[in-house]
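Understanding the architecture of this molecule
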Amino acid sequence: MPWLSRAHRKAVRKGITIRSSLLRNFSILIVLVLIAFTAVLLILEFSELSVLSRRLVTEAVHEMKSELQTIFQPVVKNINISAHWGRSKHYNSFQSKEILEMFMPILNEYDYIVRIKSCDSMGNGFSLARAPDDKDEWISTRTYNDEDVPKKLITKWDDDLALSDSKWEFVRQDLRQENWYLSVIDKEPYRMGWNKPFFLENTKDLVITASIKVESGMGESYVLAFDIFLKDLQEIMEKTVLSENGVVFISTFDDHLIGLSGNVLKRLAMSNFDLALQSIHDFNLPQVKDLLLEWNSKEWHRLNKVVYFSSGGDRWVGTIVKFPEEGAPILKIGMLAPMSDVMKYDMTRGVSIFVIFICALIFAFILTKKMSNRFITPVQQILEQSIK
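Here we summarise the structure given alongside this text. It should be emphasised that the depicted structure is a prediction, and the values quoted were computed from it without experimental measurement.

In this model, Leu-161 sits at a positive phi of 65°, which is unusual for a non-glycine residue. Mapped onto the elements, Leu-161 comes out in the loop between strand E4 (151–158) and strand E5 (163–170). Judged by relative accessible area, which is 15%, Leu-161 ranks as buried. Backbone geometry places Leu-277, a non-glycine residue, at a positive phi of 65°. In this fold, Leu-277 is placed in the loop between helix H7 (272–275) and helix H8 (286–297).

All right, on to the nonpolar core then. By size, the foremost hydrophobic cluster in this structure holds 57 residues, and its most contacted members are Phe-72, Phe-103, Ile-113, Ile-116, Leu-224, Ile-250 and Met-335. With sequence-adjacent residues up to four places away left out, Met-335 is seen in contact with Val-57, Ala-60, Val-61, Met-64, Leu-242, Val-247, Val-248, Leu-291, Val-317, Gly-318 and Thr-319. Of all hydrophobic cores here, the second largest spans 19 residues; its members include Leu-275, Leu-291, Val-307 and Trp-316.

Right, let's talk about the side chain of Thr-209 for a bit. Here Thr-209 lies in strand E8 (residues 206–215). Residue class for Thr-209 comes out buried when judged on its relative accessible area of 1%. Here Asp-227 takes part through its side chain, which lies 2.6 Å from a polar atom of the side chain of Thr-209. Not counting residues up to four positions away in its chain, the partners in contact with Thr-209 are Lys-117, Trp-180, Gly-193, Trp-194, Asn-195, Phe-198, Ala-225, Phe-226 and Asp-227.

What follows concerns the environment of Ser-166. Its place among the elements puts Ser-166 in strand E5. Considered as a pair, Ser-166 and Ile-139 are 27 residues apart in the sequence and their alpha carbons are 9.2 Å apart. When neighbours within four sequence positions are excluded, Ser-166 is seen to be in contact with Leu-153, Ile-154 and Thr-155.

It is worth spelling out the packing of aromatic side chains at this point. In the structure shown here, the tally under the stated rule is seven aromatic pairs. Here Phe-253 and Trp-295 contribute two aromatic rings whose centre-to-centre distance is 6.1 Å and whose plane-to-plane angle is 75°, an arrangement assigned as edge-to-face. Here Phe-253 is found in the loop between strand E10 (247–252) and strand E11 (257–260), whereas its partner Trp-295 is found in helix H8, with 42 residues between them in sequence. An aromatic cluster is built from Phe-72, Trp-194 and Phe-323, whose rings are joined through pairwise contacts. Positioned above the aromatic ring of Trp-168 is the side chain of Lys-151, whose terminal nitrogen or guanidinium carbon lies 4.7 Å from the ring centre. Across the ring face of Phe-253, the terminal group of Lys-332 is positioned such that the distance to the ring centre comes to 5.6 Å.

This paragraph deals with the pattern of salt bridges. Applying the stated rule across the entire model yields seven salt bridges. Here Glu-169 makes a salt bridge to Lys-167, at a shortest N to O gap of 3.5 Å. Relative accessible area serves as the criterion here: at 43%, Lys-167 is assigned to the partly exposed category. As a salt-bridge pair, Arg-176 and Asp-174 come within 2.6 Å of each other at their nearest N and O atoms. On the basis of relative accessible area, Arg-176 is assigned to the partly exposed category, the value being 25%. A network of salt bridges, in which partner residues are shared, links Arg-115, Lys-117 and Asp-227.

Moving on: helix H3 (residues 96–109). Counted at 1.5 Å a residue, the expected span for H3 with its 14 residues is 20 Å, and the 20 Å between its end C-alpha atoms agrees. Where H3 bends most, at Phe-103, the angle is about 40°, and the proline Pro-105 comes one to four residues later. Along H3, the residues that are buried comprise Ser-96, Ile-99, Leu-100, Met-102, Phe-103, Met-104, Ile-106 and Leu-107.

Our next topic: the sheet that holds strand E14 (residues 331–338). Pairing is antiparallel across the open sheet formed by five strands, whose spatial order is E11-E10-E14-E13-E12. Edge positions in the open sheet fall to E11 and strand E12 (307–311), since each of these has one partner strand only. This sheet shows a mean twist of 25° between the axes of neighbouring strands, independent of strand direction. Alignment of E10 against E14, held across six bridges, turns out to be antiparallel. Each bridged residue has a counterpart across the sheet, and for Thr-252 the counterpart in E14 is Leu-331. Those strands touched by helix H5 (residues 231–239) are E10 and E11, and its axis lies near 35° from that of E11.

Calculation criteria
- Residues numbered from 1 in each chain as written.
- Predicted model: local features only at pLDDT ≥ 70, side-chain atom pairs only at ≥ 80, totals over all residues.
- Heavy atoms only, no water.
- Helix = DSSP H or I, 4+ residues; strand = E, 2+ residues; numbered from the N terminus.
- Buried < 20%, exposed > 50% of the residue type's maximum accessible area, 1.4 Å probe, protein only.
- Core = buried A, V, L, I, M, F, W, Y, C linked by side-chain atoms within 4.5 Å.
- Contact = heavy atoms within 4.5 Å.
- Polar contact = N/O pair within 3.5 Å; in protein donor to acceptor, adjacent residues only side chain to side chain.
- Phe/Tyr/Trp six-rings, centres within 6.5 Å; stacked < 30°, edge-to-face > 60°.
- Lys NZ or Arg CZ within 6 Å of the ring centre and 35° of its normal.
- Salt bridge = Lys/Arg side-chain N within 4 Å of Asp/Glu carboxyl O.
- Expected span 1.5 Å × (residues − 1).
- Bend = angle between axes of the 7 residues up to and from the residue.
- Pairing = 2+ DSSP bridges.
- Axes fitted to C-alpha atoms, helices over the stretch in contact; angles between N-to-C directions.

In structure tokens, the structure reads:
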């Protein structure tokens, strides 16, 4: 046929069809798009790694602070209300039954407030707590330190405020030498303070004390204090996991442990009740020690910053924040995770996007092939008949 070029006839003889040419060119386009998409995806994933790691730590810190606030905020509220009650009349001037009527509702509503106590400048004071061996009984103690022989009256009451037993004992230790008294007695009135955690007498129960200095209308100063069980906090920590190899810890400001996250406890084969108040430096937790070293040696600890540091040949992200944020802090909350854990999450998301994109390309290729069969085949047949 004269209108067909010689090159065109040659191409047809070699079996090069319009369909195969289109599919070949589209395949090359797919490969180029795939390479470009993969490059862009990798760049975006690595650039977002920093954002994701910071978000992982800061969100975990926020959640833990919320858990702590749930425990500590009712204590702050009720001790301040109680302190203002005591402005008009010194608590030591109340009868024991009157003190029970005032404080029993608080102890009933918040079972982790284990004891309420008070001491004045003369060493006189009171305390109220549930009986450890019978939750239907209450024990009140009145301490009289201004007599020739200091002594205290220990009284048992039932839930109906009926007296069931009482006895006198000699005072073994001046209440004015207790940390909860000394920590606030020289401060301004109504400024609350927290004391270092300790074990309750004859038990393994971990307790922290909130204290506040009160000035009565008679011009006298005394200290009111609430003892708080930390058992709930320890149990929360055991259920907490930041990442597969991450670490969450709460400690005192001198690095004695209150609790560790569940995955770390499993690795150590311990519970938070076993390690309570032990130094964090006594455990095989090199990443925590490196974070503490970083925190103690740099200015960033003043700003609660998220930092990146190296430990054990890996790169880690972490932070330590103070609690409570108001006043003098007593606890440290630590969060740290290896960047490899963050990358696993990030790469999982990236692989998902990549797979979806590949499926979309395959679908486009199949659709193109079907379209070529539908529209190009008739043209190809006309062309072949023309050549013949």
